[in-house]
Amino acid sequence: MMTVAALQYHEVMNHDLGYNPERVVIAEVPGQTAKEVDAAYNALRDLPVIEGLSASYYNPVWGYSGMMVSDNSGNDLFSSRYDDCINGYIDFMGMTLIKGREPRDDNEIAVNEEFARLMNWGDDIVGRIVPESSKIAKHPVTVTGLLRDFNIGGFFEEPMPYLMFYNRYFYPTMYLRVKEPFKQNFLQLEESMKELFPAYDIEFSLMEKEISDTYENVRQFRNATVMACVVILFITLMGFIGYIRNEVQRRGKEIAIRKVNGAESHHLFSLLIRDIVSIAVPSIIAGAVAAWFTGKIWLEQFTIEVNFLAGYYILASIAVLVAIVLCVYVMTRKIVNENPVIRLKNE
């Protein structure tokens, strides 16, 4: 289970999201009027530490509000996530535009693959008209682009339908991609923001940190599992060492007699290891099956899983078996190599 928890945490933290959160800083843009917003945009765009900037109401990490999508007769079909984004948002976020272009006007939208699938549009997507009855807008809108599905809110839910609307203003949430070296330039960004907007107390958050926080419970479970496995392994090792010591003492006379009768050291090692392995193998198999069953239950909360998980169970089982054999070898080496006369005399 420790292996599953560690590997799954690594998987969710490194799996392709469908967008690029690297070095993205999130903040609320100061200003309420269009003029103030444009001034903020121009000031930020010219900062030397900024590689790019964009804006939208929401983002994939937070998740999105929903709106009901209906057919031409006004019958509800499904609830779709949606966002309002300025021009260039798709390129800034590193999303993949499969067909068409991003929306550039109030009567245009872009949709993702899941939205198109639920609408049964097939490959003919760009140019589709979504009627007013769909409750998406107060007027019909035209699909101008198809986005590849991207992760929304973490790998706990299956892909959700998504709509992208056009937003002509740079608010309310801005995204700044900071140049490398990130830490140094991020500190410079904070200082520049204080100088540009002294009347505002702007708080920043890092998109990568917010993603990491999404899986905080997974990380804590991984750490707790690792600690528990270490404690269990230590207790098991102590018991195993005690068992081997007692077994060697119990069979000391037998080993000495076999050696007097010409048995080689490797034969004696094989004898002891075979007897212990005959007990260890069924135990390891039972433990691996129990771990696999428990791990599958825990993994059901995720929409992605570690690849070749069965292989990791097999490797872990082999590693445990090898550790047992090495432990037996180390602890029996002295008695196998000692003078059998001394052992028989003591007996």
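See the structure shown above.
These numbers were taken from a predicted model, which means no experiment stands behind them. (Residues numbered from 1 in each chain as written. Predicted model: local features only at pLDDT ≥ 70, side-chain atom pairs only at ≥ 80, totals over all residues. Heavy atoms only, no water.)

### With respect to the overall build of the protein chain
When its secondary structure is counted, the protein chain shows eleven helices and eleven strands. For the protein chain, with 347 residues in total, the buried portion stands at 41%. Long-range contacts, defined as pairs at least 24 residues apart, comprise 80% of the intrachain contacts of the protein chain with a sequence gap of at least 6. (Helix = DSSP H or I, 4+ residues; strand = E, 2+ residues; numbered from the N terminus. Buried < 20%, exposed > 50% of the residue type's maximum accessible area, 1.4 Å probe, protein only. Contact = heavy atoms within 4.5 Å.)

### Considering a nonpolar patch on the surface
On the surface, a cluster of nonpolar side chains totalling about 740 Å² of accessible area is made up of Phe308, Tyr312, Ile314, Leu315, Ile318, Val322 and Leu326. By the secondary structure assignment, leucine 326 is in helix H10 (residues 309–337). (Patch = residues over 30% accessible without salt bridge, like charges linked within 9 Å, V, L, I, M, F, W, Y side chains within 5 Å. Areas by Shrake-Rupley, 256 points an atom, 1.4 Å probe, with all protein chains shown as cover. Salt bridge = Lys/Arg side-chain N within 4 Å of Asp/Glu carboxyl O.)

### Some points on empty space enclosed by the protein
Empty space among the atoms can be located by rolling a probe the size of a water molecule over them. Enumeration over the complete set of coordinates arrives at two cavities of 30 Å³ or more. For the largest cavity, the calculated volume is near 50 Å³. What lines the largest cavity is simply Leu17, Tyr19, Pro60, Val61, Asn151, Gly153, Gly154, Ile211, Thr214 and Tyr215. Residue composition of the lining of the largest cavity, grouped by class: six nonpolar, four polar and no charged. (1 Å grid on protein atoms, 1.4 Å probe; cavity = no way out; pocket = protein on both sides within 12 Å on 5 of 7 lines; lining within 4 Å. Points joined across faces, edges and corners; volume = space filled by probe spheres on them. Nonpolar A, V, L, I, M, F, W, Y, C, P; charged D, E, K, R; others polar.)

### Observations regarding unusual backbone geometry
The amide bond that connects glutamate 180 to the next residue, proline 181, takes the cis arrangement and shows omega of -5 degrees. Unusually for a residue other than glycine, arginine 23 sits at a positive phi of about 60 degrees. Among the structural elements, arginine 23 can be located in the loop between helix H1 (2–14) and strand S1 (24–28). Of the residues examined, arginine 23 reaches a relative accessible area of 13% and is grouped as buried. Of note, asparagine 120 is a non-glycine position whose phi angle comes to about 60 degrees, a positive value. Its location among the elements puts asparagine 120 in the loop between helix H4 (113–118) and strand S7 (129–130).

### As for the packing of aromatic side chains
For the structure on display, the rule yields 16 aromatic pairs. Here phenylalanine 156 and tyrosine 215 contribute two aromatic rings whose centre-to-centre distance is 5.5 Å and whose plane-to-plane angle is 40 degrees, an arrangement assigned as tilted. Separated by 59 residues along the polypeptide, phenylalanine 156 in the loop between strand S8 (141–147) and strand S9 (162–166) and tyrosine 215 in the loop between helix H6 (207–214) and helix H7 (216–250) bring together distant segments of the chain. Under the relative-accessibility criterion, phenylalanine 156 is labelled partly exposed at 30%. Here the aromatic rings of phenylalanine 221 and tryptophan 298 are separated by 4.8 Å at their centres, their planes lie at 20 degrees, and the arrangement is stacked. With phenylalanine 221 in helix H7 and tryptophan 298 in helix H9 (residues 265–299), the pair connects residues that are 77 residues apart, well separated along the chain. An aromatic cluster of three or more residues is present, and its members are Tyr19, Tyr57, Tyr58, Tyr64, Tyr82, Phe150, Tyr162 and Phe165. Just above the ring of phenylalanine 92 sits the side chain of arginine 177; from NZ or CZ to the centre is 4.9 Å. (Phe/Tyr/Trp six-rings, centres within 6.5 Å; stacked < 30°, edge-to-face > 60°. Lys NZ or Arg CZ within 6 Å of the ring centre and 35° of its normal.)

### Examining H7
Along its 35 residues, H7 runs 51 Å from first to last C-alpha, staying within 8% of the 51 Å computed at 1.5 Å per residue. When H7 is considered as a whole, its buried residues turn out to be Val218, Thr225, Phe240, Ile241, Ile244, Glu247 and Val248. (Expected span 1.5 Å × (residues − 1).)

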